[in-house]
Amino acid sequence: MDLKLNLFVVKGLPVSLNEKIVVAGAGMTGLMCALKLTEKISGNRIVIFDKSPVSGGMYNSVTGADGSLFDHGMHVIYESCNPEVDELYLTVMPSSDWNILEGNRKDIAGCYFRGKLQDYSHYVDLQSFSTEQKSRFLGDFFLNLSADARGPSPSATEFLEKQFGQLIVEELHKPLLKSLYSVEPEKLDVFAIKTTALDRVVAFDAPMMADLMKCDLIRARLAYPDQLNLPPYRKNTQRALYPKKFGMRHFIDRLQKVLISRGVTILTSTSAADIRTNQGQIKEIDLMGADMSQKTVSVEKLIWTGGWPALASALKVGIADIPFQRGMKIIYVNIMLSQPPLMGELYYCYCYDAGFASFRVTNYGSYCPDASTPGAFPVCVELWPSRLGLSAESISDKECERLAVSELNKMGIIDDSHQVTSVIVGSRGSEFPLPSIENRVGLNEVKARVNALNYSNIIVAGIMAEDGLFFIPDILNDAIPKILSADFSEENQ
């Protein structure tokens, strides 16, 4: 289906690009780093480029031919609890333009597990098992409670066994992980637990957990079974932000306008054709536009947000001998329903059961009231076709639609009273990185080879710039201090 992407972009290459701070990547990380930089230096010294035709990355939105607007699944902005980062959001848009989600309403998430949609917690619930099975699980759990889960764990399964004991992991987590990632669970890195919220389980009712949560060892392993009434145990005041006007692109558009007003150059549909170095520094980058026009940029500093493998390739570092396992291709199926989905107050839910292609279902209207209008309620189904042994490249849009609607019915999110009024099948280019041990080892080797070059004017930020970085709050808490501590002297300007 034809898609219209956000077209607020800067066309063409500027006339003069002498001695610039060059930001590679115009996703959320690159844009926010550039915004922070404009508090230190003139924006005229900053150039951002991205091979995509739009900026914002997965935080942008798409619009269908019928005018319907959707995000790429669930994308709210979680604060980092670092004022140097969080105040930037309010610099771009005032509080009055945000839906501000706080306390227990910051993140209302569920999961589909063992044939039931859990609207009270996104952690898997041991209470869904028989009394005999649950007794076995908890007996093994408490025998294992003294294990130190804080130490290094080479694999996801070893971490989980420290958390819960061997029995729960064998009978619950291993089948679940195999269903999600289609590889043997023992081959998954501990990072797999972080990306899919499997570090706790629900085991007891609310009154019992209210007492048990007083023990740090238990609170780190067992989840409270009623997220909207969770006692005040949080250690921070993190909030979630989403524009009042539906579509994360409204924030991205405002962010671009602020950057441009401060003199920053943003180049989309632009890639690095060549990078030249001298005496331990990046000296020049040849940028190539979509029309094949080129401009050489003299580089003061390079802020790279495109990932270590792409940086290695740009610097002509040999990495062909390093094996990498491809991740799961994601297809975003955006569906307009005639009435609200049967998800209660959930913003989203994971699908953990085998036999489904769905990974996550997002109910946009639950965290952004403006998303829904009478007779039009948007949801997004994130399909991982590989879960069913299907190829994301070969499955048709019609099959994606059929699969998504069928699975919404199976999960009880829609029923016969719901009408599907429109469907937009989004980009197939996204890939959820496979959190395998092999990929972690390979990525660390790529980092080592790039770092061995000792280029003094590169700052690397973004996903996996450092071990374990995946979510935006963590990424920006890593990136912004790097920006603030760097020397951006104007002596050569």
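For the structure itself, consult the block above.
Described below are features of the structure shown in this document. Every value quoted in this text rests on a predicted model; they were computed, and no experiment measured them. (Residues numbered from 1 in each chain as written. Predicted model: local features only at pLDDT ≥ 70, side-chain atom pairs only at ≥ 80, totals over all residues. Heavy atoms only, no water.)

Let us now look at helix H13 (residues 437-451). In this model H13 runs 21 Å from its N-terminal to its C-terminal C-alpha over 15 residues, within 8% of the 21 Å that 1.5 Å per residue would give. Listed in full, the buried residues belonging to H13 are Asn439, Gly442, Leu443, Val446, Lys447 and Val450. Looking down the long axis of H13, one finds its buried residues gathered within 140 degrees of arc, a one-sided arrangement. (Helix = DSSP H or I, 4+ residues; strand = E, 2+ residues; numbered from the N terminus. Expected span 1.5 Å × (residues − 1). Buried < 20%, exposed > 50% of the residue type's maximum accessible area, 1.4 Å probe, protein only. Arc of directions from axis to C-beta.)

Judged by pairing direction, the sheet is mixed, and its seven strands sit side by side in the order S9-S8-S19-S20-S21-S18-S22 without closing on themselves. Where the open sheet ends on each side, the last strands, each with one partner, are strand S9 (116-118) and strand S22 (420-425). Pairs of neighbouring strands in the sheet enclose a mean axial angle of 20 degrees, with direction left out of account. Looking at chain direction, strand S19 (residues 348-351) and strand S20 (residues 358-363) are connected through three bridges and run antiparallel. By the bridge assignment for S20, Tyr348 is matched with Thr362. (Pairing = 2+ DSSP bridges. Axes fitted to C-alpha atoms, helices over the stretch in contact; angles between N-to-C directions.)

For helix H14 (residues 472-485), spanning 14 residues, the distance from its first C-alpha to its last is 20 Å, which sits close to the expected 20 Å at 1.5 Å a residue. Listed in full, the buried residues belonging to H14 are Ile472, Pro473, Ile475, Leu476, Asp478, Ala479, Ile480 and Ile483. Of the surrounding elements, those touching the buried residues of H14 are helix H1 (28-37), strand S6 (77-78), helix H2 (83-92), strand S16 (294-304) and strand S24 (458-460). (Contact = heavy atoms within 4.5 Å.)

Once that is clear, we can look at the packing of aromatic side chains. Taken as a whole and assessed by the stated rule, the structure comprises 22 aromatic pairs. On the numbers, 4.1 Å between centres and 10 degrees between planes, the contact of Phe359 with Trp384 is stacked. Taken together, the residues Phe359 in strand S20 and Trp384 in the loop between strand S21 (377-383) and helix H12 (397-410) connect sequence positions 25 residues apart. A single burial state applies to Phe359 and to Trp384, both of which are buried. Put simply, the rings of Tyr181, Phe191, Tyr348, Tyr350, Tyr352, Phe359, Trp384, Phe432, Phe470 and Phe471 touch in pairs and so form one group of aromatic residues. (Phe/Tyr/Trp six-rings, centres within 6.5 Å; stacked < 30°, edge-to-face > 60°.)

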